[in-house]
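If you want the building blocks of each chain, they are given just below.
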Amino acid sequence: GANLTSLNASNISSGTLNSARFSGGKIKQIINSSFGSIDTTTTSNMSYATLKTVSNAITVTKGNKVLLIVTGLKVKNNSDRTSVFGRCQITDGTNTANTTSVTRGHGDYGEANFTHYSNILTTASGSGTVGVDISLALTSDGDTAYLNCNDDGFGLQGRYTCMEIEV
C-alpha cells in the first residue's frame with residue numbers, strides 16, 4: 001500500500017485535508033455517501049449473491065486507483081448455528097477488486113452490526129474518465145442471510161468512502 005511520505009501544511013485548510021501527497025500519487029477527490037435503504041434480502045447458499053449495487057459511485061480518470069472504505073453494514077442470519085459472510089466488490093467494468101477478507105456473523109442469530117470492508121482498484125488504462133460501481137454481496141452456509149443497514153437500534157446506516165488516487 002501507499003505510505004504517507006509528506007504532508008504540506010498548505011494542503012490543510014480549516015481542518016480539512018484538501019490534498020495529501022502519497023508515494024505514487026495524490027488524492028484527487030473523496031466521495032462520502034450512504035447506501036440508503038437496503039431491503040432485507042436473502043441468500044442460502046455459499047455462492048456470493050449480490051444484494052445491492054451503487055452505480056457510478058465515483059467517476060475517475062482512467063488509470064488512477066480507487067480506494068474503497070465501507071463501514072456500518074449490518075449482516076445477520078435467522079439462526080444461531082450458521083455463518084454469514086459478506087464482501088464488497090468495486091469495478092470499472094473492466095477491472096474488478098473484491099475485499100480480501102470477509103466479515104463473519106456467527107453466534108446469537110449470527111449478527112454482526114459493525115462490519116467494515118476496504119479494497120483498492122486500479123482502473124483500466126486509456127484516456128478519459130470511467131464510472132466505478134460498488135456491489136455488496138452475502139453468503140450463508142445453509143440458512144437465510146440478511147443485509148439491512150437500516151435495521152439497527154442505533155440508527156446505523158451503511159456508508160462508503162471512495163478516494164481517487166492519482167497514479
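Above: the structure in question.
A brief look at the structure comes next. Only a predicted model underlies this, so the values are computations on that prediction, with no experimental measurement involved. (Residues numbered from 1 in each chain as written. Predicted model: local features only at pLDDT ≥ 70, side-chain atom pairs only at ≥ 80, totals over all residues. Heavy atoms only, no water.)

### As for the overall build of the protein
This is how the line gets drawn: Strands are runs of DSSP state E lasting at least two residues, helices are runs of H or I lasting at least four, and both sets are numbered from the N terminus onward. Only heavy atoms matter for contacts: two residues are in contact if any of them lie within 4.5 Å across the pair. Only the protein chains shown count as covering a residue, and every accessible area follows the Shrake-Rupley method with a 1.4 Å probe.
Each helix and strand in the protein was counted, giving zero helices and 14 strands. Order of helices (α) and strands (β) in the protein, N terminus to C terminus: β-β-β-β-β-β-β-β-β-β-β-β-β-β. Counting only contacts in the protein whose residues sit at least 6 apart along the sequence, the fraction spanning at least 24 positions is 79%. Here the protein has roughly 8500 Å² of accessible surface; of this, 44% comes from carbon and sulfur atoms.

### Description of unusual backbone geometry
The cut-off we apply is this: Note on classification: 1.4 Å probe, protein chains only; a residue is buried when its accessible area is under 20% of the maximum for its type, exposed when over 50%, partly exposed between these limits.
For N56, which is not glycine, the phi dihedral falls at a positive 50°. Note on placement: N56 falls in strand 6 (residues 49–61). With relative accessibility at 51%, the residue N56 sits in the exposed group.

### Digging into the nonpolar core
For clarity, the cut-off: The nonpolar core is taken to be a set of buried Ala, Val, Leu, Ile, Met, Phe, Trp, Tyr and Cys residues, with the residues joined through side-chain atoms within 4.5 Å.
Counting 24 residues, the largest nonpolar core has F35, L68, V70, Y160 and C162 as its most contacted members. Where this core is concerned, the elements lending two or more residues are strand 6, strand 7 (65–77), strand 8 (84–91), strand 11 (112–122), strand 12 (129–140) and strand 14 (159–165). Contact partners of C162, with chain neighbours within four places excluded, come to Q29, I30, I31, A57, I58, V66, L67, L68 and I134.

### Regarding the side chain of T91
Worth spelling out the cut-off: The definition of a polar contact used here is a pair of N or O atoms within 3.5 Å, where within protein one atom must be able to donate a hydrogen and the other to accept one, and adjacent residues in sequence count solely through side-chain atom pairs.
Note that T91 resides in strand 8. Judged by relative accessible area, which is 14%, T91 ranks as buried. Only 3.1 Å separates the side chain of T91 from the side chain of T96, close enough to count as a polar contact. Ignoring any residue separated from it by four or fewer positions in sequence, one finds T91 in contact with T96, L121, G131, V132 and D133.

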